[in-house]
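Observations on chain architecture
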Amino acid sequence: MLLEIVRWMLGYVSFEIIGKFPERFINIVSKNSISIWNTSKRDQSLFACMHVKDYKNIRRLAKKSSVRLKVVSRHGFPFFIKKYHNRIGVVFGVIVFTVIVYVLSCFVWTIDVVGLETISYSKLMNTLNDNGLYVGTYIPSVSFNNISRSTMIEIDDIAWMAINVQGSHASVELKEKRKSPKVPDFNQPANVKAKCDGVILSINTRAGEAYFEKSSAVVKDQMLVSGVLKDKLGGVSVVRADAEIIARTNHKSTFSAEKTYGCYSFSNAKIDR
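Here goes a summary of the coordinates provided.

The rules behind the values
- Residues numbered from 1 in each chain as written.
- Predicted model: local features only at pLDDT ≥ 70, side-chain atom pairs only at ≥ 80, totals over all residues.
- Heavy atoms only, no water.
- Helix = DSSP H or I, 4+ residues; strand = E, 2+ residues; numbered from the N terminus.
- Rg over C-alpha atoms; globule rule 2.2 N^0.38 Å.
- Buried < 20%, exposed > 50% of the residue type's maximum accessible area, 1.4 Å probe, protein only.
- Areas by Shrake-Rupley, 256 points an atom, 1.4 Å probe, with all protein chains shown as cover.
- Lys, Arg positive; Asp, Glu negative; His and termini not counted.
- Charge placed at Lys NZ, Arg CZ, Asp CG, Glu CD.
- Pairing = 2+ DSSP bridges.
- Contact = heavy atoms within 4.5 Å.
- Core = buried A, V, L, I, M, F, W, Y, C linked by side-chain atoms within 4.5 Å.

**Some words on the overall build of the protein chain**
When its secondary structure is counted, the protein chain shows eight helices and 15 strands. Scaling as 2.2 N^0.38, a compact globule of 273 residues should have a C-alpha radius of gyration of about 19 Å, whereas the protein chain reaches 42 Å, well beyond that. Along the longest, intermediate and shortest principal axes, the C-alpha atoms of the protein chain span 125 × 90 × 45 Å. Per-residue burial over the protein chain gives 27% buried out of 273 residues. Accessible area for the protein chain stands at about 20,700 Å²; split by element, carbon and sulfur atoms hold 54% of it. Computed over 38 positive and 23 negative side-chain charges, the inter-centroid distance for the protein chain is 19 Å.

**A few points about unusual backbone geometry**
Of note in this structure, S33 is not a glycine but carries a positive phi near 60°. Note on placement: S33 falls in the loop between α2 (22-31) and β2 (37-42). When its relative accessible area of 69% is taken as the criterion, S33 is described as exposed. Even without being a glycine, N38 presents a positive backbone phi close to 55°. With respect to the element layout, N38 can be found in strand β2. Judged by its relative accessible area of 55%, N38 falls in the exposed class.

**Observations regarding the pairing of strand β7 (residues 169-176)**
Sheet topology note: the strand β5 (residues 110-114)/β7 ladder contains five bridges and is parallel. When the sheet's bridge partners are listed, D112 is paired in β7 with S171. Judged from the eight bridges that link them, strand β6 (residues 158-166) and β7 form a sheet pairing that is antiparallel. What sits directly across from I163, in β7, is V172.

**Points about the sheet that holds strand β11 (residues 217-218)**
Ordered in space as β11-β9-β15, the three strands form an open sheet in which the pairing is antiparallel. At either end of the open sheet lies a strand with only one pairing partner, and these are β11 and β15 (242-248). Two elements, strand β9 (residues 198-207) and β11, share two bridges in a ladder whose sense is antiparallel. Bridge pairing in β11 links G198 to V218.

**What to know about the environment of R240**
Mapped onto the secondary structure, R240 falls in the loop between β14 (236-238) and β15. Once the C-alpha coordinates of R240 and N145 are considered, the two residues, 95 residues apart in sequence, prove to be 50 Å apart. Leave out the neighbours within four places in its chain, and R240 touches P184, D185, F186, Q188, P189, A190 and A207.

**Looking at the nonpolar core**
In this structure, F15, I17, F25, M50, I58 and L69 are the most contacted members of the largest nonpolar core, which totals 19 residues. Looking at this core, the elements with two or more residues in it are β1 (12-19), α2, β3 (45-51), α3 (52-55), α4 (59-64) and β4 (67-75). At four residues, α2 tops the list of elements feeding residues into this core. Not counting residues within four places of it along the chain, the set of residues in contact with I58 comprises F25, I34, M50 and L69.

Written out as structure tokens, the structure reads:
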């Protein structure tokens, strides 16, 4: 695409090579490091494209190859200017439009964020703004890698971040850190309580004092194993109660359904023969 734009800006011609040995002309041109492209053969002639400045200087090579050259069409900015040289306003308008489009493409006009879950959107955008990314940022003047690093330092919950710019659009992609689950402090004293109503089927106490035995009925939040221990001398010590308890519990679930239902049935049909 870029090569096509350069060729159009410099101007090029499509021409026909007429002669018995047009391939010889192609070889001589290539040997002299002259750019030639889009070569194709039609009937007895060979067609190709070449920059205007090169085409003006290959008459000698064409004569050496015993071929004639005939211009088929002209393309590019120089011919556009020549065509509209009497309409300077049109040419000036095209130039101004091209310059404006180029200048506008050097700025960021839209920003979107991908991967945001728990971090505040406004907090992220304010941090990006402070580090140099906002609507209207002049793209060549900033380093998006530096913006990403600075934002990750200021917002600790970001594990990875990248800023991709396509044209005037900036896409901020990030991945948040996964928070570690809370681990209970096993050094802290605690009791074991019933989570719901039920009947104990078995209880195996590893630490603490059990208040109930097998086949005992308990209710929700009732203490099953205490972390307070008393010795024979009347002393008291506290531990973290630990026990394996199996119980039978009842759970009730409710749901609603429509009172009316539609049904379909098949009836016998008599076929006349």
